[in-house]
Amino acid sequence: ACGGMNPDFSIGDLMIITDHINFFPEHPLRGKNIYGDRFPDMSEPYNHKLIAKAKEIAKELNIKVQQGVYLGPQGPTVETPAEYRMFHIWGADAVGMSTVPEVIVANHSGIKVFGCSVITDLGVEGKIVEASHEEVQKAADAAQPKMTAIMRELISRA
C-alpha cells in the first residue's frame, strides 16, 4: 500500500517499482556486516529483466500497471500536503512506509528484486483527502487479485 503522488495515478492502480529513494533515518546495513559486500551496488535495485517480464505478463492478462519511483519515509504518519509536494519534486511517484529497507538488504544479499505496490490513497495536490486505515486496506484488498495474478505468473516463468 502506498500513496500515489503522480497525477496520472488512481486509487487501486498497481505500480511496478523501478527505483526508490531511501528517506528512512536508520539504514538497514548499519552495524555488523552479515550478508554481503559492505557497500553493495544499488545501480539496479529492482531487476530490469523481472520488470520487463511483469510488464509483459500484465499486458497478456490485460491488467493496467503503472511504473514509478517509490519513496520510503519513516512514518507512522501519512504525509502532509507539503511533504507530498516535496517528495514529488524529488522525483517520487509514490510514498510508503516499507519496501525500501527490505530491498536494500535483498540487494546486499545478492537477491534479485521485483517490487510492486498498490496505490491506496492520493497525495496529488487538489486530490488529497483524509485516508483511514480501513480505506487503505479496502483499496489494497480490491487490487490484490490483479497483483496475485501477475506475481504467480512471474514466479512460474522465473
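All of the points below concern the structure found in this document. Since we're looking at a predicted model, the values are computed, not measured.

Comments concerning unusual backbone geometry
That bond from G75 to P76 is cis: its omega, 10 degrees, falls within 30 degrees of zero. Note that P76 resides in the loop between β3 (65-72) and α2 (81-89). Within the chain, N62 stands out as a residue other than glycine whose phi angle is a positive 60 degrees. Even without being a glycine, T99 presents a positive backbone phi close to 75 degrees. Secondary-structure assignment places T99 in the loop between β4 (94-95) and α3 (100-108).

Here's the deal with α3
Residues of α3 that are buried include every one of V100, V103, I104, A106, N107 and H108, and no others. Where the residues of α3 are buried, they touch β2 (14-22) and β3.

Observations concerning the pairing of β3
Taking burial as the measure, the eight residues of β3 include six buried ones, the bulk of the element. Examined bridge by bridge, β2 and β3 share eight bridges and lie parallel to one another. Following the sheet pairing, M15 is matched in β3 by Q66. In terms of handedness, the path from β3 via α2 over to β4 forms a crossover that is right-handed.

Topic: the sheet that holds strand β1 (residues 2-4)
Around the barrel, five strands lie side by side as β1-β4-β3-β2-β5; this closed barrel has mixed pairing. Strands β2 and β3 of the sheet are contacted by α3, whose axis makes an angle of about 80 degrees with β2. Relative to the sheet, helix α4 (residues 133-157) contacts β2, β3 and β5 (115-122), its axis offset from that of β5 by approximately 155 degrees.

About the criteria used
Within each chain, residue numbers correspond to sequence positions counted from 1 in written order. Restriction of local features to residues with pLDDT of at least 70 applies here, the model being predicted, together with a cutoff of 80 or more for giving and counting side-chain atom pairs; totals for whole chains, interfaces and linings are based on all residues. Here the side-chain values reflect all heavy atoms present in the structure, with hydrogen atoms and water set aside. Secondary structure counts use DSSP, requiring at least four H or I residues in a row for a helix and at least two E residues in a row for a strand, with both numbered from the N terminus. The buried label goes to any residue with under 20% of its type's maximum accessible area, the exposed label to any with over 50%, and the partly exposed label to all in between, with areas taken from a 1.4 Å probe on protein chains only. Contacts are assigned to residue pairs that have any heavy atoms within 4.5 Å of one another. A strand pair is defined by DSSP finding two or more bridges across the two strands. Assignment of crossover handedness uses the view with strands pointing away from the viewer, where a clockwise path from the first strand over the helix to the second indicates a right-handed crossover. Axis definition: a line fitted to C-alpha atoms, over the contacting stretch in the case of helices. Angles run 0 to 180 degrees between N-to-C directions.

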